[in-house]
Amino acid sequence: ENAARAKTNRIGMLTLGGWALGNFGWATVGLLRTEDDRERSFHLANAGLNLVNAGIAVTGFFSNSDQDWSQFDAVSTLNEDHGAEKLYLVAAGLDLALVATGAYLTAKGNLDKKEGVVGTGRSFMLQGAFRFSFDAVMYAIHALRRGSFTSQLGE
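Residues numbered from 1 in each chain as written. Predicted model: local features only at pLDDT ≥ 70, side-chain atom pairs only at ≥ 80, totals over all residues. Heavy atoms only, no water.

1. Looking at the overall build of the chain
Across its full length, the chain carries four helices and zero strands. Order of helices (α) and strands (β) in the chain, N terminus to C terminus: α-α-α-α. The C-alpha atoms of the chain give 19 Å as radius of gyration, which overshoots the globular expectation for 155 residues (15 Å, by more than 25%). With the C-alpha coordinates of the chain rotated into their principal frame, the extents come out at 65 × 25 × 15 Å. A buried classification covers 34% of the 155 residues belonging to the chain. Surface exposure of the chain reaches about 8,800 Å², of which carbon and sulfur atoms provide 64%. Here the chain holds 14 positive side-chain charges and 16 negative ones, and the gap between their average locations is 7 Å. (Helix = DSSP H or I, 4+ residues; strand = E, 2+ residues; numbered from the N terminus. Rg over C-alpha atoms; globule rule 2.2 N^0.38 Å. Buried < 20%, exposed > 50% of the residue type's maximum accessible area, 1.4 Å probe, protein only. Areas by Shrake-Rupley, 256 points an atom, 1.4 Å probe, with all protein chains shown as cover. Lys, Arg positive; Asp, Glu negative; His and termini not counted. Charge placed at Lys NZ, Arg CZ, Asp CG, Glu CD.)

Right under this line is the structure:
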């Protein structure tokens, strides 16, 4: 169970890291090809938010990589499972806050006719929506795997 949780997290972090790398490329091309304030702000915000994604991916990928799982009993394993699930739930809440902030910035930028603010808001909404989806899927995978592990304990 511990090895399965670690593998799930590593695959998730590779996915998040791939998203970050793809967005760096998209931001670079976008910045080189446009003079539009809205698009430039969108791509700059994407680059910045994906620095965070890349940092999370690298840190998450290497965390617990040298853990000796043989020292964990069933209770410790379940505690680790719950910890992973809580982490993804908290992250999903923060992701929703990012989407809400992006919606606010987009609306405010449109009202004030500030194209750069609109672009930043749209980036926040895109990145927040992706990260919410990512965190929700990771939570579900962990919860389902823990449920299976718990039912095996009862047998």
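Let's pick the thread back up.
2. Focus on the nonpolar core
Counting six residues, the largest nonpolar core consists of M13, L16, A57, Y88, F134 and M138. Of all elements in the fold, only helix 1 (2–33) and helix 4 (115–154) reach the threshold of two or more residues within this core. When neighbours within four sequence positions are excluded, Y88 is seen to be in contact with N9, M13, F134, D135, M138, Y139 and H142. (Core = buried A, V, L, I, M, F, W, Y, C linked by side-chain atoms within 4.5 Å. Contact = heavy atoms within 4.5 Å.)

3. Quick word on the side chain of E85
Mapped onto the elements of the fold, E85 is located in helix 3 (residues 74–112). Those residues in contact with E85 that lie beyond four places of it in its chain are Y139, H142, A143 and R146.

4. Topic: the pattern of salt bridges
Evaluation of the coordinates by the stated rule reveals six salt bridges. Linking R145 and E1 is a salt bridge whose minimum nitrogen-to-oxygen distance equals 3.0 Å. With R145 in helix 4 and E1 in the segment before helix 1, the pair connects residues that are 144 residues apart, well separated along the chain. R145 gets classed as buried once you look at its relative accessible area, which sits at 14%. Judged by its relative accessible area of 24%, E1 falls in the partly exposed class. One salt-bridge network, held together by shared partners, links E1, R5, D81 and R145. (Salt bridge = Lys/Arg side-chain N within 4 Å of Asp/Glu carboxyl O.)

5. Overview of unusual backbone geometry
Non-glycine residue K113 carries a positive phi angle of around 55°. Mapped onto the fold, K113 is located in the loop between helix 3 and helix 4. A relative accessible area of 71% places K113 in the exposed class.

6. Comments concerning the packing of helix 1 against helix 2 (residues 37–62)
One way to put it is that helix 1 packs onto helix 2 with a least axis distance of 8 Å and a crossing angle of 155°. Taken together, the axes of helix 1 and helix 2 are roughly antiparallel relative to one another. Note that helix 1 runs across helix 2; the crossing there is left-handed. When grouped by side-chain class, the residues that make up the contact of helix 1 with helix 2 number 17 nonpolar, eight polar and two charged. (Axes fitted to C-alpha atoms, helices over the stretch in contact; angles between N-to-C directions. Parallel < 35°, antiparallel > 145°, perpendicular 65-115°, else oblique. Left-handed = near helix turned anticlockwise from the far one by under 90°. Nonpolar A, V, L, I, M, F, W, Y, C, P; charged D, E, K, R; others polar.)

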